[in-house]
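So you can see what is in the structure, the chains are spelled out below.
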Amino acid sequence: MSKALLYDATMCIGCKQCEKACSEKNKLPYDDNIAAEEKQSEHKYTVVLTKGDKFMRRLCMNCNEPACASVCPVGALHKTALGPVVYEESRCMGCRYCMVACPFGVPKYEWNKVLPRVQKCTMCSDRVAAGNQTACAEACPTGATKFGDRDELIAEARKRIQDNPGNYVNHIYGLTEVGGTSVLLLSSVPFEQFGYRGDLSQDPLPMLTYRVLSRIPDFVPLGGMMLGGIWWITHRRDEVAATEHPGNEQEDTKGRTR
Amino acid sequence: MKFKLTFWKTVFLVLIAAGFYATVLRFTRGLGASTNLNDQFPWGIWIGFDVLCGVMLAAGGFTLTAAVHIFNIKRLHPIVRPTILTAFLGYVLVCVALMYDLGRPYRIWHPLIMRNPHSVMFEVAYCVMLYTSVLALEFSPIVLERFNLQTPLKIIRGVLIPLVICGVILSTLHQSSLGTLYLIMPEKLHPFWYSPLLPFFFFLSAIAVGLAMTIFESSMSSKYFGRQLELPILQELGRVLLVVLSVIAILRFEDLLHRGVLPLMFRPSYEMYLFWLEILLSLIAPLLLLSQKKIRQTAGGLYLCSVLVVLGFITNRLNVSITGMETSAGLHYVPRWTEISVTGAIIAAGFALFGLAVKYLPIFPAEEHSTAVTLPVAAVAGEMQVTALENAGD
């Protein structure tokens, strides 16, 4: 059963307890200065954005079919069955294709280290694997961030919108975006106001490249055969010409030895 | 032989010195301190120019070996060796550039054993690695001849055709795959450049640039190495270039039309100007020039066209990798001096290596080579860096 997080911005009070819990869990520094930073970075995996009295969390969406995992040449990122998209630092060679490919701009890099790593929220994969909820969900005092089974959370999100249609934008962000994500968002204001793109494809992104890549196994033998065939024809022509007009042979050998 | 400091030697030394200093910064301070890259803009000119343009500029290798060995166009034979040399140097330098860009370059071998067949980057890594090996083998007869090693020479000649076929297939795959890399970001790359046809455009333009680079190189070699210009060969290449460019132009137009991007072409924006610069340099100007028989048949006209095509498609690669990504990243990326000087030093090294190879190895056909040797050696060595600068990225 795939797990997920449901964040309901209408219930959020902007206390940033999730940020603090996240930093503790991931052994990252956290103080008032970092709390004031309004962007995700290599030392801040999740952030609560504030606009007037509206709040919105940003964190790794842990996509169902993550672009980052699909593009990683060494398989350093992968989607676990439980939901989290995890990172194996020991494989990563630092090409940063994951950062370029991520539709949400989530993976961050340790630019100031000589031996840098990619950093992102991994949905507390160890806690989740042990049957616990994520640190951010546990720390949330209002239940705005809720951990649970993805299907059940989707049903609950639908119900919340249905029960209080005036309170919500009629959209569960993450339900179908890039094929669905393990983080689901509800909000009373359009998601674009907090930098969430509204123009994302509803289909998983990895298909865009795999459609091309999957042709390669056919292309190699066919291409090889075709080129070999062309070689045979063009050189056969020479041989025939050489037998029919022995006088031209000299010119041919000259061409070859040059 | 006395060492004389000529203008180009000075340029060369300055570039290498600056590059060395930048190298020290890069590997002692990390990417953040030595580049203008950041979380919003993780790929700069080391990917956009050194890798994307470098691989494209080295495309003459597979284009020409295919023409000569597979299609049996013997007239082109005299220019195969310098082209293979360029391609081999080009790929080696692309690998060097990658060592700068990778966050942990000592893990560059990881794709060998940690495979992810869904990753375009994985495929590119494998193809580039294999093709560099193929190029080394295609280049090896030149070295073997120099030292008169007959047995390995025979072996290489025996497997030359399968080797060339492998080279063409590998090149087709990774030249197009460098375009496929960008297919996964439909929401990030500007609509001028994001197209489902990106792999085709990258492949076709690699052929066009391969031809243009061959023309360019032959022209430069005739100027600086005292070789006779093979004008009939270049005229033939020019004709093929005209055809390839026409195909690209038509495909490009159709693509923009069907994706409904044509109106954007006339709505002033930062991207629009660079788009037109690219189209003008890579397609409009060379097509207009090459379609004139009078221009297509002259050495000067062909030279001009080759320069335009090379610059045009360099603009294209930079547009895809940098211009087209800036709006979605929300910033303008300008490379830091360290990034530029590393690139500059790599280019300079390429030129120097080309000059040295021409000097010590039988690169040009025997008849012409003997005349080259009679030139004062110092002059040749001095001028070699000239070729080097203009061969950018090879």
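Criteria and thresholds
- Residues numbered from 1 in each chain as written.
- Chains lettered and ligands numbered in written order.
- Predicted model: local features only at pLDDT ≥ 70, side-chain atom pairs only at ≥ 80, totals over all residues.
- Heavy atoms only, no water.
- Phe/Tyr/Trp six-rings, centres within 6.5 Å; stacked < 30°, edge-to-face > 60°.
- Helix = DSSP H or I, 4+ residues; strand = E, 2+ residues; numbered from the N terminus.
- Buried < 20%, exposed > 50% of the residue type's maximum accessible area, 1.4 Å probe, protein only.
- Pairing = 2+ DSSP bridges.
- Axes fitted to C-alpha atoms, helices over the stretch in contact; angles between N-to-C directions.
- Contact = heavy atoms within 4.5 Å.
- Buried area = accessible area lost by both parts, 1.4 Å probe.
- Salt bridge = Lys/Arg side-chain N within 4 Å of Asp/Glu carboxyl O.
- Polar contact = N/O pair within 3.5 Å; in protein donor to acceptor, adjacent residues only side chain to side chain.

> Now, about the packing of aromatic side chains: what can you tell me, with residues and values included?
One pair of aromatic rings is described through two measures. These are the centre distance and the angle between the planes. Across all of its chains, the model carries 21 aromatic pairs over all chains by this definition. Here Phe104(A) and Tyr173(A) contribute two aromatic rings whose centre-to-centre distance is 6.5 Å and whose plane-to-plane angle is 70°, an arrangement assigned as edge-to-face. Residue Phe104(A) is found in the loop between α4 (97–101) and β6 (108–109), and its partner Tyr173(A) is found in the loop between α7 (150–163) and β9 (183–186); the two are separated by 69 residues along the sequence. For the residue pair Phe104(A) and Tyr173(A), the accessibility class agrees, reading buried in each case. With 5.4 Å between their ring centres and 50° between their planes, Phe27(B) and Tyr100(B) make a pair best called tilted. Placement of the pair is Phe27(B) in helix α1 (residues 7–29) and Tyr100(B) in helix α5 (residues 80–101), with a sequence separation of 73 residues. Its relative accessible area of 33% is what places Phe27(B) among the partly exposed residues.

> Tell me what's going on with the sheet that holds strand β1 (residues 3–8) of chain A, and back it up with residues and numbers.
All names here are of chain A. Strand order in the open sheet formed by three strands is β8-β1-β9, and the pairing between neighbours is mixed. Here the strands that pair on one side only, and so sit at the sheet edges, are β8 (145–149) and β9. Going across the sheet, the axis of each strand differs from the next one's by a mean of 25°, ignoring polarity. Pairing of β1 with β8, which is carried by five bridges, proceeds in the antiparallel orientation. Following the sheet pairing, Leu6 is matched in β8 by Lys146. This element, α7, spans β1, β8 and β9 of the sheet and lies at about 130° to β8.

> Break down the interface of chain A and chain B for me, with residues and values.
Listed by partner, the interface residues are 56 residues for chain A and 59 residues for chain B. Summing the contributions of chain A and of chain B, the shared interface buries around 5,100 Å²; its carbon and sulfur component is 63%. Across the contact surface, chain A and chain B share four salt bridges. The salt bridge partner of Asp238(A) is Lys74(B), with a shortest N-O separation of 2.5 Å. Linking chain A to chain B there are 29 residue pairs in polar contact (both at pLDDT 80 or more). Among the elements of the structure, α3 (67–71), α4, β6, α8 (206–213), α9 (216–244) and α10 (249–257) of chain A are those that each provide at least two residues to the side of chain A that touches chain B.

Function cannot be inferred from these measures alone, as they are strictly geometric.
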